2 protein chains.
Amino acid sequence: MNKIYNPERSQWKAVLKRPTQSVSDVEDIVNAVFSEIKAGGDSVVSNYTKKFDGVVLQEALVSSKEIEESIKLISNDLKSAIQQAKNNIEKFHKAQKTEKITVETADGVLCWQEKRPIQKVGLYIPGGTAPLFSTILMLAIPANIAGCKEIILCTPPNKEGKVHPAILYAANLCGVTKIFKVGGIQAIASMTFGTETIPPVYKIFGPGNQFVTVAKQIATKYGVAIDMPAGPSELLVMADDTANAAFVASDLLSQAEHGVDSQVILVSTSKNFIDAVEAEVAEQIKDLPRKEIAEKAIANSKLIYVDSQQTAVDLINEYGPEHYILCVKNEEFFLRQTYNAGSVFIGNYTPESAGDYASGTNHTLPTNGYAKQYSGVNLDSFMKSMTFQKISKKGIQEIGRTIELMAEAEGLQAHKNAVTLRLDSLK
Amino acid sequence: MNKIYNPERSQWKAVLKRPTQSVSDVEDIVNAVFSEIKAGGDSVVSNYTKKFDGVVLQEALVSSKEIEESIKLISNDLKSAIQQAKNNIEKFHKAQKTEKITVETADGVLCWQEKRPIQKVGLYIPGGTAPLFSTILMLAIPANIAGCKEIILCTPPNKEGKVHPAILYAANLCGVTKIFKVGGIQAIASMTFGTETIPPVYKIFGPGNQFVTVAKQIATKYGVAIDMPAGPSELLVMADDTANAAFVASDLLSQAEHGVDSQVILVSTSKNFIDAVEAEVAEQIKDLPRKEIAEKAIANSKLIYVDSQQTAVDLINEYGPEHYILCVKNEEFFLRQTYNAGSVFIGNYTPESAGDYASGTNHTLPTNGYAKQYSGVNLDSFMKSMTFQKISKKGIQEIGRTIELMAEAEGLQAHKNAVTLRLDSLK
């Protein structure tokens, strides 16, 4: 772990630098697969499934029989756990529903804003031995509350042509309409263009490796929206002597086990606390099954001592962490001044993993400093706001002259005429 | 105008096809300017201003003296008009403020969502003889209501090194913090990387030609967000025999005068009405100052007759118009079923130009079918939602077991440990 004491503001950029990813070589591969799938559809998808997943599938669509089987394969304990998480996520995302906003801006000028669901959305869930079924809850639950009509899910099959039962179970429970055994770039391309089997969608959500990440970026060139640009997961903990070093060490490690490129930062106003966390990390890391991954991430981690709370909060806003754990005496000071963070976890009994799974907040959050300008996934991510207006005869007489003057000043005579004609008809 | 009667659903895609824009050659130019400005800053910007705007500037920053002068140059009539528009836009966007949403999802698990302003935003306003000062109102007013700390504006200077007074007047009135005389690709690159003079921003808003549009897309590769991807402006009118052919023709023409690539579509359940509108367009177009532009757009326009209202609404959802005027007897039927539209203008006295200038709704709207998945600019475009959670000892005991089970099933032991440590400490 790298200890840094009171870095100068001029050094912050360097200290907080995230590893840059080079995507240009990946881009060529992605573009090639996109072109092929646009032209060839299902048969090309099938070839890639054979090539990358090592399996020839009779059918990419998961059958209702497979879903029924998955229900039997999940333990009752895990079912109850998923149900509790689902309840909490539902409560929190349902509360985000907004009402129609209606304003009579001038006499007879009625304007309103309504949110309507995106009709077709696609979710991507990576494969592998650790099935990320929690992400299905985070995406399919709000999609359903929003009222999306079609919610499809793509995930790669294993060598036996199967999908992990936890993924099928969660997808079915959360109202996914169709599940396809398609992974990687070919999944993103299929949801972008549509194939004979896979319908095209308007917006694609979900995590993935760098091929999937770049594929999602490329998809936006073809008119599809994505949840947000992605980077490696990250955690910043701000703690003082009121925090528990063992708890903080466990949180840093839970971030570190995600991947060797995970970003782990501790900021503290106490040198003693930093030393205590360092010792705890060394102890706790020993028994982790994903120790090798965690060790690499921890080797790159930063323990930053600053001597004032104001400096700390400025540094944190400069970084804009995806996950931000706050264990300090003076919570209010930090909360009031934090502008750039994806999700904030407050106090000694609020580990990041609570938000990853079960507290109810969403775990799809802006990485890579994007918390400065992007929201995490929330109910509105599955809707778009539309405006409406209805102007009466009285209303157009009220604002007509203003429109005429402004249109004329912008040199747009036909814009003016549209009003003049109406005003004249009322004379 | 192209008349199409009852097109088959299989032909809709072709009938509703928008002209595709080729961006690949523009991309090379944009990438080159970006690299140069990233490396060279102000001096490179200054060279491009000389090259493209034909002027050598002492200083890119607009002085307070220039702003004071602009105030004197605007007529009192136009000032009053801008003030009325500003009032209405303020009313409608202030009403979009959302409260903090707090939910205790389980006993002792307190979650909340808050929206906080994007700290630094940049607005781009094109130059030319017709100054689009109305767009400044549409962007700077909500940015101010949101509480953005830095709101900068870039706009190209004319050959005398000046900016149109209406732009300076509107920017000053609406709380823009700094105005820079920089246009085109160099403006977008400057706001992306920052120069000695121009601060970098987190999100860029505003219209522009195809160079600016591509530059905004490229900016997203460097971690900057943009309002939305852009395409030519478009209007779809749905009208039946209760509509006024002269009014509808004036609306189609107000769209057509924007540019030769403007999209103009009329859908109707009445052949007679279509003929009447066609005749009116031919009449009204004669006297327009921008007649040549309008004629080209009108030549590509489509008048589509369909024999049922259901078919009409399906076709409109398939198209997803930016502006959608609805002049029909059965308004409710259409409103209820419209999912894909940027802004809807209802009834005979609601021209599109009302929303362009003064009714209060925003005129920065999704084009190119993006209404299927993107919102128009609104208050939330200048904010991001963040989540917070605070879990008590009771709370972690309530959901701890669920987190442990789910983390274990995903193979993430350190995630589980972060909870187990806390639960054990409470035993």
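As recorded in an unreviewed UniProt entry, chain A goes by the name Histidinol dehydrogenase, listed as coming from Arenibacter echinorum. Note on chain A: under the UniProt heading Function (unreviewed entry), the record states "Catalyzes the sequential NAD-dependent oxidations of L-histidinol to L-histidinaldehyde and then to L-histidine." In its Catalytic activity (unreviewed entry) section, the UniProt record describing chain A reads: "L-histidinol + 2 NAD(+) + H2O = L-histidine + 2 NADH + 3 H(+)".

Trainee: I'd love a proper account of the interface of chain B and chain A, names of residues and values included.
Mentor: Each side of the interface is counted separately: chain B has 117 residues, and chain A has 117 residues. Both sides together, the interface formed by chain B and chain A hides about 10100 Å², and carbon and sulfur atoms give 60% of it. By the criterion of area lost to chain A, the three top residues of chain B are Tyr349, Glu410 and Arg422 of chain B, representing 8% of everything that side buries. There are six salt bridges connecting chain B and chain A. At the junction of chain B with chain A, the criterion picks out 68 residue pairs in polar contact (both at pLDDT 80 or more). Element by element, the count of residues in the side of chain B that touches chain A is highest for helix H16 (residues 393-409) of chain B, at 10 residues. Tallied by class, residues from the side of chain B that touches chain A come to 58 nonpolar, 39 polar and 20 charged. Pairing of strand S14 (residues 383-391) of chain A with strand S13 (residues 343-346) of chain B involves four bridges; the strand directions are parallel. Counterpart to Phe388 of chain A in the pairing with S13 of chain B is Val344 of chain B.

Trainee: Describe the pairing of strand S2 (residues 101-106) of chain B, naming the residues involved and giving the relevant values.
Mentor: One ladder, built from five bridges, connects S2 of chain B with strand S3 (residues 109-117) of chain B; its direction is antiparallel. Bridge assignment links Ala106 of chain B to a residue of S3 of chain B, and that residue is Val109 of chain B.

Trainee: Any chance you could break down the domain arrangement of chain A for me, citing the residues and the numbers?
Mentor: Residues and elements named next belong to chain A. Here the domain parsing of chain A yields domain 1 (2-20 + 231-360), domain 2 (24-96 + 120-226) and domain 3 (392-425). Computed from C-alpha coordinates alone, the two centres of domain 1 and domain 2 are separated by 31 Å. Tallying the contact residues gives six residues for domain 1 and seven residues for domain 2. Together, the buried faces of domain 1 and domain 2 total about 510 Å²; carbon and sulfur atoms form 55% of this surface. It is Tyr357, Ala358 and Gly360 that lose the most area in domain 1 upon contact with domain 2, and together they represent 77% of the buried surface on that side.

Trainee: Hey, could you go over the UniProt feature "active site" (unreviewed entry) in chain A for me, with residue numbers and the actual values?
Mentor: Residue and element names in this part refer to chain A. As annotated in UniProt, the feature "active site" (unreviewed entry) corresponds to Glu322 and His323 in the numbering used here. Relative to the helices and strands, Glu322 resides in the loop between helix H13 (309-319) and strand S12 (323-327). On the basis of relative accessible area, Glu322 is assigned to the buried category, the value being 5%. Here Glu322 is in contact with Ser233, Glu234, Gly342, Ser343, Leu365, Pro366 and Thr367, once residues within four sequence places are set aside. Relative to the helices and strands, His323 is located in strand S12. Judged by relative accessible area, His323 falls into the buried class, the value being 2%. If near-sequence neighbours (up to four positions away) are discounted, His323 is found in contact with Ser233, Glu234, Leu235, Leu236, Gln255, Ser343, Phe345, Glu352, Asp356 and Leu365. Separated by 2.9 Å, the side chain of His323 and the backbone oxygen of Glu234 make a polar contact.

What counts as what
- Residues numbered from 1 in each chain as written.
- Chains lettered and ligands numbered in written order.
- Predicted model: local features only at pLDDT ≥ 70, side-chain atom pairs only at ≥ 80, totals over all residues.
- Heavy atoms only, no water.
- UniProt positions renumbered as here; feature names shortened; annotations may be inferred.
- Contact = heavy atoms within 4.5 Å.
- Buried area = accessible area lost by both parts, 1.4 Å probe.
- Salt bridge = Lys/Arg side-chain N within 4 Å of Asp/Glu carboxyl O.
- Polar contact = N/O pair within 3.5 Å; in protein donor to acceptor, adjacent residues only side chain to side chain.
- Helix = DSSP H or I, 4+ residues; strand = E, 2+ residues; numbered from the N terminus.
- Nonpolar A, V, L, I, M, F, W, Y, C, P; charged D, E, K, R; others polar.
- Pairing = 2+ DSSP bridges.
- Domains from an automatic or database assignment.
- Buried < 20%, exposed > 50% of the residue type's maximum accessible area, 1.4 Å probe, protein only.

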